[in-house]
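One letter stands for each residue in the lines below.
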Amino acid sequence: MSKLITQYAHLHERTVGPKAGEYIRQIGIRTGEWLESFYDGKGSGWTPDQYAHVIVDLKNSIGGHFEISEVHEDRVIVKASACPFGEIVKDSPHLCNMTSSVFGGIASRRLGYGKVSLRKRIALGDEGCEVAIYFRPTDEEDGKVYENIPITPEHGDPYDWEEETIRGLNEELRKSDNMVMELLDELERLQTEVDELKGSHHSDKQ
């Protein structure tokens, strides 16, 4: 799944652009709910220490190298020396939205609130990652807030997206198709111009 999301993100960013990050975020929220169910049943609260151990184990299980740096009542800080998405994250830094939304979504569901600050990122050239997850509102300016995230009903499927979400995704994919067709048209137009210039240059020589 990690490889699939990586390839999807890389392709989607090239076609859709900045909006790709938001889709990765939504995938992360749903993926996090699915993954956390392997650790505990839905709806039960966790301590900050339990939360920290789960998110680190989760990331390391898919190829990352994360460790707990600090655990407090109001926040947890984790660090990483390797990203589960590998070197491609440097070409697709919006993949960090996956980490943010997985961490933030789980914090929201298990501790009532999550604000994720990506302080250092391998994707942006840092030697390692440093992520702070707050369980209460904080003055730290950077960060994405996750709260009031709905929990999928028991026996429900977190990947059973709402009709509105599906329509929105279809619309963005349609735009992607249109952008690709426009690009192909532009390349064809440029090729025609090059051919005409070559023909003109050839005529001048004669």
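Whatever comes next refers back to the structure up there.
Presented here is a report on the structure given in the accompanying data block. (Residues numbered from 1 in each chain as written. Predicted model: local features only at pLDDT ≥ 70, side-chain atom pairs only at ≥ 80, totals over all residues. Heavy atoms only, no water.)

### Comments concerning the overall build of the chain
At step 1: Counting secondary structure elements, the chain contains five helices and five strands.
At step 2: In the chain, the succession of α and β elements from N to C terminus is α-α-α-β-β-α-β-β-β-α.
At step 3: Long-range contacts, defined as pairs at least 24 residues apart, comprise 65% of the intrachain contacts of the chain with a sequence gap of at least 6.
At step 4: Surface exposure of the chain reaches about 12100 Å², of which carbon and sulfur atoms provide 51%. (Helix = DSSP H or I, 4+ residues; strand = E, 2+ residues; numbered from the N terminus. Contact = heavy atoms within 4.5 Å. Areas by Shrake-Rupley, 256 points an atom, 1.4 Å probe, with all protein chains shown as cover.)

### Points about the pairing of strand E3 (residues 114–120)
On any regular strand, side chains alternate: one points to one face of the sheet, the next to the other face.
At step 1: Taken together, the three bridges between E3 and strand E5 (residues 144–146) define a ladder with antiparallel strand orientation. By the bridge assignment for E5, Lys115 is matched with Val145.
At step 2: Across five bridges, the pairing between E3 and strand E4 (residues 129–134) is antiparallel. Considered in E4, the bridge of Val116 is made with Ile133. (Pairing = 2+ DSSP bridges.)

### Points about the side chain of Arg109
At step 1: Checked against the element boundaries, Arg109 lands in helix H4 (residues 96–111).
At step 2: Owing to a relative accessible area of 10%, Arg109 belongs among the buried residues under this scheme.
At step 3: Ignoring anything within four residues of it in the chain, the contact list for Arg109 reads Ile29, Gly32, Glu33, Glu36, Ile149 and Ile151. (Buried < 20%, exposed > 50% of the residue type's maximum accessible area, 1.4 Å probe, protein only.)

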